[in-house]
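# A structural walkthrough
Residues per chain are reported as follows:
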Amino acid sequence: MAERRLSHAYMLTGPEGREREDAARRLAAALVCSAPEPPCGRCRDCRKALAGVHPDVIWVGREKRDGDLRREILVGQVRRMTADAVLAPNEAERKVYIIDQADRMNQQAQNALLKALEDPPGHACFILCAASTDALLPTVRSRCVRAEDPGRRTDEGAALSDLAGGYLEAAASGDPARTVLFCMNRVKLSREETEAFAGQVRDAVCEILCGRAPDPGLGRDRLFHLAALMDKTEDYLRHNVQPKQIFGLLAAETLR
Ligand SMILES: [Zn+2]
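Overview of the structure. (Residues numbered from 1 in each chain as written. Predicted model: local features only at pLDDT ≥ 70, side-chain atom pairs only at ≥ 80, totals over all residues. Heavy atoms only, no water.)

### Some details on the environment of Ala-213
- In this fold, Ala-213 is placed in the loop between α9 (191-209) and α10 (220-238).
- Judged by its relative accessible area of 27%, Ala-213 is partly exposed. (Helix = DSSP H or I, 4+ residues; strand = E, 2+ residues; numbered from the N terminus. Buried < 20%, exposed > 50% of the residue type's maximum accessible area, 1.4 Å probe, protein only.)

This is how it looks when you write it as structure tokens:
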């Protein structure tokens, strides 16, 4: 069931570095996971994807020329990637292409990618990693499932209820990768923000259960599950578990 709900393109925004790389791996694991409720983190596909050795998780980045990295990702690279995407996966049910520094694709490269995003080969998924989406064509951006900038602060109530709404939307989509993406982009929240987030989600869930707000497609069982997860979140916070770990838990358990 999860298979039908997966999207073909995801946008992971955040500063370049180890953390974004890890997030991309976790997202890729959610996409290749062979367990009935991905991401399980334990199946062969998850383990290989997390270790960075899965043959169906392919990194695409700036190439070297004379020992130095080129300034841009070139159209030829994107064309090679999309030609490869047509071929069947080796082990998993789909192939995942992680485009690192997607914001370094020049216009031609982006246009070539756009063609693949508009008419994606059935088993191919693309993860675009970028510091910001400013350098990307609006047409490319609009084709990607994205989560807001992880650096975005949420001191205001309105922004927090947006966050709760975004979480419920991701949960209702049934797309495990989208849920992982949402959670990966929240690991920088402070303890207070995480606590407020959990409270907002629970309030929103109550409103839906009481019939005071429309159900975005979650259903009773899942709503109760999410309420229980928020209890767990608050419990963890009381025991000094870090938001980073908590959002890792939510990434894994939201769709259970
Ligand atoms: Zn798995």
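Once you've had a look at it, read on.
### Things to note about helix α4 (residues 75-85)
- Here α4 has its buried residues at Val-75, Gln-77, Val-78, Met-81, Thr-82 and Ala-85. Seen end-on, α4 carries its buried residues on one side only, within an arc spanning 160 degrees. Residues of α4 that are exposed and point more than 90 degrees away from the buried face comprise Arg-79 and Arg-80.
- Next to the buried residues of α4 lie β2 (57-60), β5 (95-99), α5 (107-118) and β6 (124-130). (Arc of directions from axis to C-beta. Contact = heavy atoms within 4.5 Å.)

### Overview of the sheet that holds strand β1 (residues 9-13)
- Judged by pairing direction, the sheet is parallel, and its five strands sit side by side in the order β2-β5-β6-β1-β7 without closing on themselves. In this open sheet, the two strands that pair with only one neighbour each are β2 and β7 (145-146).
- Pairing of β2 with β5 involves four bridges; the strand directions are parallel. Its bridge partner being in β5, Trp-59 is matched across the sheet by Ile-98. (Pairing = 2+ DSSP bridges.)

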